[in-house]
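Chain by chain, the residues run as shown.
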Protein chains: 2
Amino acid sequence: MVDDEPQIVRALRINLSARGYAVLTAHDGTAALKAAAEGKPDVVVLDLGLPDVDGTEVIAGLRGWTSVPIIVLSARTDSTDKVEALDAGADDYVTKPFGMDELLARLRAAVRRSAVAEGEDAVVQTASFTVDLAAKKVLRDGVEVHLTPTEWGLLEILARNRGRLVAQRQLLQEVWGPQYAKETHYLRVYLAQLRRKLEPEPSHPRHLVTEPGMGYRFEL
Amino acid sequence: MVDDEPQIVRALRINLSARGYAVLTAHDGTAALKAAAEGKPDVVVLDLGLPDVDGTEVIAGLRGWTSVPIIVLSARTDSTDKVEALDAGADDYVTKPFGMDELLARLRAAVRRSAVAEGEDAVVQTASFTVDLAAKKVLRDGVEVHLTPTEWGLLEILARNRGRLVAQRQLLQEVWGPQYAKETHYLRVYLAQLRRKLEPEPSHPRHLVTEPGMGYRFEL
DNA sequence: GGGAGGCGTCAAGACCACGTCAGAATCGGC
DNA sequence: GCCGATTCTGACGTGGTCTTGACGCCTCCC
């Protein structure tokens, strides 16, 4: 929730919290990008009239590394503003003053959509282990394998893109945040840990394959 | 495009066609559901005030079997209508009168979203091998061929421009960077490697063809 | 017939990326 | 405030990749 008007932030926070949403707030664009990188929200509600940076800049900054739904709030009814924001990557545009129930409905729609997009085949099986994406569990020989949050984050992205090469940048940005895009060393360390826990022969991985210089691939 | 007012249908059809969209129209809910099932549209623009069935019914009828983006048009500004439509499964809600450029922007946003969700796989096939551009994979006789990053970079550009001549300058600049625009030797070395890995007769290439003095061409 | 330029081939050295390990720093729960 | 779990950081050996040079072939032009 990004807005520089305290009363709007307050009203939204109360309404959203009451409905079971966890709310992170930021009052300017810089703080918003930082909070998004750290908090990994499921949805962003963004006011366009921020004190420090232009709203479309914030959208671009987010879209560089995440496809989280963005709902833009704005007092400007001018259609060029709407077009700019939407083309920059926003998902929806609501003009102030807005009805709380409408915003909530649009929020539900945005969340529902991204949930559907993620919802494909919740279980991924290989010859050696099973990944349950919905339950966030990994089974090996029938017994559950414990993964740390970071390990799971990596495995989840790879499993969702099974068969496809996932670039190092993408993994780093989605697990650690956009400012870690070059810390490829992290990947080596955590891939080694995942292999030790999941691969039959960790030093000759069959499922978590490295493509040198490019990224990693989850092979079934 | 579902609406019972001919002038709106007409205006939208003209605008959308001019921008390269193919447009299917229906003037009531029953026809809309039929047309959607047959035409498999990429996006539905739906007016709520239809003569035969209620708008939310149409949404529900679509959502029963497809997750195609639905943009609702309506003259009703009442917020309960919006909430109902969005909660029924609509993706966006635009009130009449609306600006054409805004609607187009919302259309683009909806299409963009569903394109990301599908993650379309672009595959290029030849008689000898298959290039999967999304997965970054090359298959030859069913087995995967390992390519280095530079080899892949070259092949990707050639495959994306299949059938067309790609200039040496362009290849060098896009793979190695602008300062390497004259290092044609690199091309010879790497084209030879690609041919050795992919061509049935590397010394008589059928798919990775040299156009002397000009560049290279990917033939299917 | 000879030369020049473009091309293909091969091989070797420099260099970079990867995997691995272990210790330090940090986080989170009690 | 402590302790275990987790994450971060550094050093090292290794293998693969990129670069570079040498050489021979071909075609086109003189």
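Residues numbered from 1 in each chain as written. Chains lettered and ligands numbered in written order. Predicted model: local features only at pLDDT ≥ 70, side-chain atom pairs only at ≥ 80, totals over all residues. Heavy atoms only, no water.

**Examining the overall build of chain A**
Here is step 1: Regarding its fold elements, chain A presents eight helices and ten strands.
Here is step 2: Its C-alpha atoms put chain A at 60 × 35 × 25 Å along the principal axes.
Here is step 3: Within chain A, the fraction of its 220 residues that count as buried is 46%.
Here is step 4: Across chain A, every contact between residues at least 6 apart in sequence was considered, and the portion connecting residues at least 24 apart equals 53%.
Here is step 5: For chain A, the computed accessible surface area is about 10,600 Å², with 51% contributed by carbon and sulfur atoms.
Here is step 6: Charge-centre separation for chain A: the mean point of 27 positive side chains lies 5 Å from the mean point of 32 negative side chains. (Helix = DSSP H or I, 4+ residues; strand = E, 2+ residues; numbered from the N terminus. Buried < 20%, exposed > 50% of the residue type's maximum accessible area, 1.4 Å probe, protein only. Contact = heavy atoms within 4.5 Å. Areas by Shrake-Rupley, 256 points an atom, 1.4 Å probe, with all protein chains shown as cover. Lys, Arg positive; Asp, Glu negative; His and termini not counted. Charge placed at Lys NZ, Arg CZ, Asp CG, Glu CD.)

**A short note on the protein's contact with DNA strand D**
Here is step 1: Lining the immediate surroundings of DNA strand D are 18 residues, of which Thr148, Thr150 and Tyr186 of chain A together with Thr150 and Tyr186 of chain B lie closest.
Here is step 2: Within 4 Å of the protein, the contacting atoms of DNA strand D are drawn from sugar and phosphate to the extent of 71%.
Here is step 3: Interatomic distance of 2.7 Å between a side-chain N/O atom of His146 of chain B and a phosphate oxygen of DNA strand D.
Here is step 4: Residue classes in the surface near DNA strand D are distributed as ten nonpolar, eight polar and no charged. (Near = heavy atom within 4 Å. Polar contact = N/O pair within 3.5 Å; in protein donor to acceptor, adjacent residues only side chain to side chain. Nonpolar A, V, L, I, M, F, W, Y, C, P; charged D, E, K, R; others polar.)

**Side note on helix H8 (residues 184–198) of chain B**
Residue and element names in this part refer to chain B.
Here is step 1: An ideal rise of 1.5 Å per residue puts 21 Å on 15 residues; H8 measures up with 21 Å between its terminal C-alpha atoms.
Here is step 2: The set of residues buried in H8 consists of Leu187, Leu191, Leu194, Arg195 and Leu198. The buried residues of H8 occupy an angular sector of 100 degrees when projected down its axis, which confines them to one face. (Expected span 1.5 Å × (residues − 1). Arc of directions from axis to C-beta.)

**Digging into the packing of aromatic side chains**
Residues and elements named next belong to chain A.
Here is step 1: Under the defined criterion, the tally for this structure stands at eight aromatic pairs over all chains.
Here is step 2: With centroids separated by 5.4 Å and ring planes inclined at 50 degrees, the aromatic side chains of Trp176 and Tyr186 adopt a geometry described as tilted. Of this pair, Trp176 sits in the loop between helix H7 (168–175) and helix H8 (184–198) while Tyr186 sits in helix H8, and the two are ten residues apart along the sequence.
Here is step 3: One aromatic cluster in this structure is built from Trp176, Tyr180, Tyr186 and Tyr190. (Phe/Tyr/Trp six-rings, centres within 6.5 Å; stacked < 30°, edge-to-face > 60°.)

**Considerations on unusual backbone geometry**
Here is step 1: Cis geometry is found at the peptide bond from Lys96 of chain A to Pro97 of chain A, where omega equals -5 degrees.
Here is step 2: Mapped onto the elements, Pro97 of chain A comes out in the loop between strand E3 (92–95) and helix H5 (100–118).
Here is step 3: Of note in the backbone geometry, Lys40 of chain A takes a positive phi value of approximately 45 degrees without being a glycine.
Here is step 4: Assignment of secondary structure puts Lys40 of chain A in the loop between helix H2 (29–39) and strand E1 (44–47).
Here is step 5: Judged by its relative accessible area of 34%, Lys40 of chain A is partly exposed.
Here is step 6: Although it is not a glycine, Asp141 of chain B adopts a positive phi angle of roughly 55 degrees.
Here is step 7: Take Asp141 of chain B: it is sitting in the loop between strand E6 (137–140) and strand E7 (143–144).

**Comments concerning the protein's contact with DNA strand C**
Here is step 1: What surrounds DNA strand C is a group of 19 residues, the closest being Gln168, Arg195 and Thr210 of chain A together with Thr210 and Gly213 of chain B.
Here is step 2: The side chain of Gln168 of chain A places a nitrogen or oxygen atom 2.6 Å from a phosphate oxygen of DNA strand C.
Here is step 3: Between a phosphate oxygen of DNA strand C and a side-chain N or O atom of Arg195 of chain A, the distance comes to 2.9 Å.
Here is step 4: Mapped onto the surface near DNA strand C, the elements with two or more residues apiece are H8 of chain A together with H8 of chain B.
Here is step 5: Looking at the surface near DNA strand C, its residues break down into five nonpolar, ten polar and four charged.

**A short note on the UniProt feature "modified residue: 4-aspartylphosphate" (unreviewed entry) in chain A**
Residues and elements named next belong to chain A.
Here is step 1: According to UniProt, the positions carrying the feature "modified residue: 4-aspartylphosphate" (unreviewed entry) are Asp47.
Here is step 2: Looking at the element boundaries, Asp47 is found in strand E1.
Here is step 3: Not counting the four nearest positions on each side in its chain, Asp47 is found in contact with Val2, Asp3, Asp4, Glu5, Leu73 and Lys96.
Here is step 4: A distance of 2.7 Å separates the side chain of Asp47 from the backbone nitrogen of Gly49, its partner in a polar contact. (UniProt positions renumbered as here; feature names shortened; annotations may be inferred.)

**Quick word on the interface of chain B and chain A**
Here is step 1: In this assembly, 31 residues from chain B lie in contact with 29 residues from chain A.
Here is step 2: Note on chain B versus chain A: buried area summed over both sides is about 2,600 Å², and carbon and sulfur give 46% of it.
Here is step 3: Considering only the surface of chain B that becomes buried against chain A, Leu86, Arg106 and Arg113 of chain B emerge as the three largest contributors, covering 18% of it.
Here is step 4: Inspection of the chain B/chain A interface yields nine salt bridges.
Here is step 5: Here Glu102 of chain B and Lys82 of chain A are joined by a salt bridge, their closest N and O atoms 3.0 Å apart. (Buried area = accessible area lost by both parts, 1.4 Å probe. Salt bridge = Lys/Arg side-chain N within 4 Å of Asp/Glu carboxyl O.)

**Brief notes about the sheet that holds strand E9 (residues 208–211) of chain A**
Residues and elements named next belong to chain A.
Here is step 1: What the three strands build is an open sheet, ordered E8-E10-E9; its pairing is antiparallel. Every interior strand has two partners, whereas the edge strands, strand E8 (165–167) and E9, have only one. Pairs of neighbouring strands in the sheet enclose a mean axial angle of 30 degrees, with direction left out of account.
Here is step 2: Pairing geometry for E9 and strand E10 (residues 215–218), over four bridges, is antiparallel. Across the sheet, the residue bridging to Leu208 is Phe218, located in E10.
Here is step 3: Across the sheet, helix H6 (residues 149–160) touches E8, E9 and E10, and the angle it forms with E10 is around 70 degrees. (Pairing = 2+ DSSP bridges. Axes fitted to C-alpha atoms, helices over the stretch in contact; angles between N-to-C directions.)

**Looking at the pairing of E10 of chain A**
Two faces, one strand: in a regular strand the side chains alternate between the faces of the sheet.
Residue and element names in this part refer to chain A.
Here is step 1: Looking at chain direction, E8 and E10 are connected through three bridges and run antiparallel. Paired with Leu165 across the two strands is Arg217, which belongs to E10.
Here is step 2: Between E9 and E10, which follow one another and run antiparallel, lie three residues, and Gly213 among them has a positive phi close to 80 degrees.

**A closer look at the pairing of strand E2 (residues 70–74) of chain A**
Residues and elements named next belong to chain A.
Here is step 1: Here E2 lies mainly inside the structure; five of its five residues are buried.
Here is step 2: Burial along E2 is two-sided: Ile70, Val72 and Ser74 and Ile71 and Leu73, pointing in opposite directions, are all buried.
Here is step 3: In this sheet, E2 lies alongside E1 in parallel orientation, the contact comprising four bridges. Pairing of Val44 across the sheet is with Ile70, part of E2.
Here is step 4: Between E1 and its parallel partner E2, the chain crosses via helix H3 (residues 55–63), and the hand of that crossover is right-handed.
Here is step 5: Two elements, E2 and E3, share four bridges in a ladder whose sense is parallel. Within E3, the residue paired with Leu73 across the bridge is Val94.
Here is step 6: For the segment spanning E2, helix H4 (residues 79–88) and E3, crossover handedness is right-handed. (Right-handed = clockwise from strand over helix to strand, strands pointing away.)

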